[in-house]
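Descriptive structure summary
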Amino acid sequence: MPFSTYRDTWGIPHLKADSETELAYAQGYNVALDRGWQIEVDRQRAKGSSASFLGREHLEWDKFARRTKIDETARICYQNLNHKTRHWILSFVKGINSAVGKCKASAFDEHGISAQPWEPWTPISVWFSTHILMGGFASKLWKEEVINRLGEEYLDYFSSESLGSANSNGWYIPGNQTESGLPLQAGDPHRVVELPSCYQQVRLSCDEYDVVGFAVPGIPGIAHFGHAGKVAWSITNAMANYQDLYFEKITSQGDQYFCEGPDGHEEVEACIEIIEIRDEESVEITVLETKRGPVIVETTGDNLAISIRLPTREFFKSGFDSLLDLLHANSVEDVEQAFESWVEPVNVLQVSDQAGGYCHKVVGFVP
């Protein structure tokens, strides 16, 4: 597909194409060249296969990714998107696949692998994998462990959650308080320093829109921080409670599993997963899912199993329809409407436009 790439003084890619479809292809092609190793690692992590080339230290993550069924959930969510969004994501994936093998990162040779083609739903899978730990369930598991080991009265000694320690913040100054007469907006996500970064600065330009901002490598569009000329948006973490955990009393009879649910005896879905480990024998795990959600903590001794309820698996919605609508936004109202179908992570959205419009609200699904 025809497109042009211009890199400015700082190496930031400015991608231009005639149509939205061609531009999505260009963004996919560019990220596979610039961040080929990063997105291949992310793809493998989302599938739960990173230990196959990174070694045993990544086995526990692979178990978690398989147990939470990240890739399967993404595949179903992809099918539930509207036709236009599926076509847009598919063009992005075609761009990635056209550049597979062209990234010359030395890490590929060091680990003895090469980049592999993406499935149409892989961007959604990578998004889920990248953000699943931001929902707060790990903190709940930690608190439960403190209670079991020391007692509930010790929770405050280990708590770092307070208004004084909350992370992300956003800033807005209305036009009537600036010299230019135009509003100023800034979003500060307080992400940890990473190399490569979890964002890629990029400009996306076609006949329908011209947007500059931070894209998440492997994800089409500009989700978190964007400027479209007339309107700008940014997000911060809402620190919302949108991942529920359940204690599950699970028993087995041969290769069948059962649990006690609110309505009585229930059958538990079960399947066997094989996880490959570099230079070692493969590991076999049993993946269970109750009516509440996937089981992420196995039954051990007197401790009950624990399942997790995730909005993406509960509703099989990804929120990716929002990403496409966002690129077409020209006003605060347009951005608000785009985020009406957002799912997770649950974020605080901040939007302002040249007309003086402003919005500050929480977006996402909370079960």
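Per chain, the residues get numbers from 1 upward, laid out in the order the sequence is written. Local features in this predicted model are restricted to residues whose pLDDT is 70 or higher, and side-chain atom pairs enter the listing and the counts only when it is 80 or higher, whereas totals over whole chains, interfaces and linings include all residues. Where side-chain values are given, they derive from all heavy atoms of the structure, hydrogens and water being excluded.

Comments concerning the overall build of the protein
The secondary structure content of the protein amounts to 13 helices and 17 strands. Each radius of gyration is computed over the set of C-alpha atoms, and the globule rule expresses the reference value as 2.2 Å times the number of residues to the power 0.38. Whereas a compact globule of 367 residues would reach a radius of gyration of roughly 21 Å, the protein reaches 22 Å, a difference of no more than 12%. When the backbone C-alpha atoms are referred to their principal axes, the protein occupies close to 65 × 50 × 35 Å. Put simply, of all contacts in the protein between residues at least 6 apart along the chain, 60% involve residues at least 24 apart. Here the protein has roughly 18400 Å² of accessible surface; of this, 49% comes from carbon and sulfur atoms. We treat Lys and Arg as the positive residues and Asp and Glu as the negative residues; His and chain ends play no part in the count. A charge is said to be at NZ when it belongs to Lys, at CZ for Arg, at CG for Asp and at CD for Glu. Taking the average location of the 31 positive side-chain charges in the protein and that of its 53 negative ones, the two points are 3 Å from each other. We count a stretch as a helix when DSSP gives it H or I for four or more residues in a row; a strand needs E for two or more, and each element gets its number in order from the N terminus. Contacts are residue-level and defined by heavy atoms, with any inter-residue pair within 4.5 Å sufficient. Note on areas: Shrake-Rupley, 1.4 Å probe, and residue coverage restricted to the protein chains presented here.

Re helix α8 (residues 122–131)
A 1.4 Å probe rolled over the protein chains alone gives each residue an accessible area, and that area as a share of the maximum for its type sets the label: buried under 20%, exposed over 50%, partly exposed in between. Summarising burial for α8: 9 of the 10 residues are buried, a large majority. Of all the positions in α8, only T122, P123, I124, S125, V126, W127, F128, S129 and H131 are classed as buried. Looking at the buried residues of α8, the elements they touch are α2 (36–47), α4 (59–67), α5 (70–79), α6 (83–99), α11 (311–315) and α12 (320–327).

Observations regarding the sheet that holds strand β12 (residues 264–277)
Strand order in the open sheet formed by 4 strands is β10-β11-β12-β13, and the pairing between neighbours is antiparallel. Whereas interior strands pair on both sides, the edge strands pair on one side only; in this sheet they are β10 (250–253) and β13 (280–289). Pairwise comparison of adjacent strand axes, ignoring direction, gives a mean angle of 35 degrees for this sheet. Any two strands are treated as partners once DSSP identifies two or more bridges connecting them. Pairing analysis gives 4 bridges linking β10 to strand β11 (residues 256–261), with the strands arranged antiparallel. Residue pairing for β11: S252 is matched across the bridge by Y257. Axis lines are fitted through C-alpha atoms, for helices just across the contact stretch, and the angle between N-to-C directions can take any value from 0 to 180 degrees. Packed onto the sheet, α4 meets β12 and β13 and runs at close to 35 degrees relative to β13.

Some remarks on the layout of surface pockets
For cavity detection a 1 Å grid was placed over the protein atoms alone, and a set of points counts as a cavity when a 1.4 Å probe fits there but cannot get out; an open set counts as a pocket when protein lies on both sides within 12 Å along at least five of seven lines, with lining residues being those that have an atom within 4 Å of a point. Grid points are joined across faces, edges and corners, and a volume is the space filled by probe spheres set on the points. Of the voids in this model, the second largest pocket is the one considered here, and its volume is about 420 Å³. Surrounding the second largest pocket, 22 residues form its lining, Q185, G226, H227, A232 and W233 being those nearest its centre. If you list the elements that add at least two residues to the lining of the second largest pocket, you get β4 (184–188), β6 (210–215), β7 (225–227), β8 (231–237) and β16 (347–353). Gly is placed with the polar residues, together with every amino acid not listed as nonpolar (Ala, Val, Leu, Ile, Met, Phe, Trp, Tyr, Cys and Pro) or charged (Asp, Glu, Lys and Arg). Class assignment of the residues belonging to the lining of the second largest pocket gives a composition of 10 nonpolar, 10 polar and 2 charged.

Details of the pairing of strand β15 (residues 305–309)
Counting buried positions along β15 gives 4 out of 5 residues, so the element sits mostly inside the fold. With 2 bridges connecting them, strand β14 (residues 295–297) and β15 associate as antiparallel partners. Residue pairing across strands places V295 opposite S307, the latter belonging to β15.

Focus on a nonpolar patch on the surface
Exposure above 30% relative accessible area and the absence of a salt bridge qualify a residue for a patch, where like charges join within 9 Å and nonpolar side chains (Val, Leu, Ile, Met, Phe, Trp, Tyr) within 5 Å. Every case where a carboxyl oxygen of Asp or Glu lies within 4 Å of a side-chain nitrogen of Lys or Arg is listed as a salt bridge. Together, W142, L150, Y154, Y157 and F158 give the surface a local cluster of nonpolar side chains, amounting to about 580 Å² of exposed area. Looking at the secondary structure, you find L150 in the loop between α9 (137–149) and α10 (155–158).

With respect to the environment of P123
Relative to the helices and strands, P123 resides in helix α8. For P123, a relative accessible area of 0% corresponds to the buried category. Along the primary structure P123 and L323 are separated by 200 residues, whereas in three dimensions their C-alpha atoms are 12 Å apart. Dropping the residues within four chain positions of it, P123 is found in contact with I89, F92, V93, W118, G218, I219, P220 and F320.

A look at the nonpolar core
One finds I124, W233 and V335 to be the most contacted residues of the largest nonpolar core, which totals 68 residues. Here the element with the most residues in this core is helix α1 (residues 20–34); it accounts for 7 residues. When residues no more than four places from it in sequence are discounted, the contact partners of I124 are A74, C77, Y78, L81, I89, S318 and F320. Membership of the second largest hydrophobic core comes to 8 residues, among which are V41, F53, A107 and F108. Residue types Ala, Val, Leu, Ile, Met, Phe, Trp, Tyr and Cys, when buried and joined through side-chain atoms within 4.5 Å, form a set referred to as a nonpolar core.

Considering the sheet that holds β7
Spatial ordering of the open sheet is given by β1-β2-β5-β6-β7-β8-β16-β17, a layout of 8 strands whose pairing is mixed. Strands at the two margins of the open sheet, each flanked by one partner only, are β1 (4–7) and β17 (358–363). Recorded for the sheet is a direction-independent mean angle of 20 degrees between the axes of neighbouring strands. Relative to β6, strand β5 (residues 200–205) is paired through 6 bridges, and the arrangement is antiparallel. Residue pairing for β6: Q200 is matched across the bridge by A215.

A word on empty space enclosed by the protein
For the coordinates displayed, the defined rule picks out 1 cavity of 30 Å³ or more. When its volume is computed, the largest cavity comes out at roughly 70 Å³. In the lining of the largest cavity, the residues fall into 4 nonpolar, 3 polar and 3 charged.

Topic: the side chain of R313
Considering the arrangement of structural elements, one finds R313 in helix α11. In this structure R313 comes out as buried when scored by relative accessible area, which is 10%. The definition of a polar contact used here is a pair of N or O atoms within 3.5 Å, where within protein one atom must be able to donate a hydrogen and the other to accept one, and adjacent residues in sequence count solely through side-chain atom pairs. Here E72 takes part through its side chain, which lies 2.6 Å from a polar atom of the side chain of R313. Those residues in contact with R313 that lie beyond four places of it in its chain are T68, K69, E72, T73, E289 and P294.

That is the geometry; function is a separate question.
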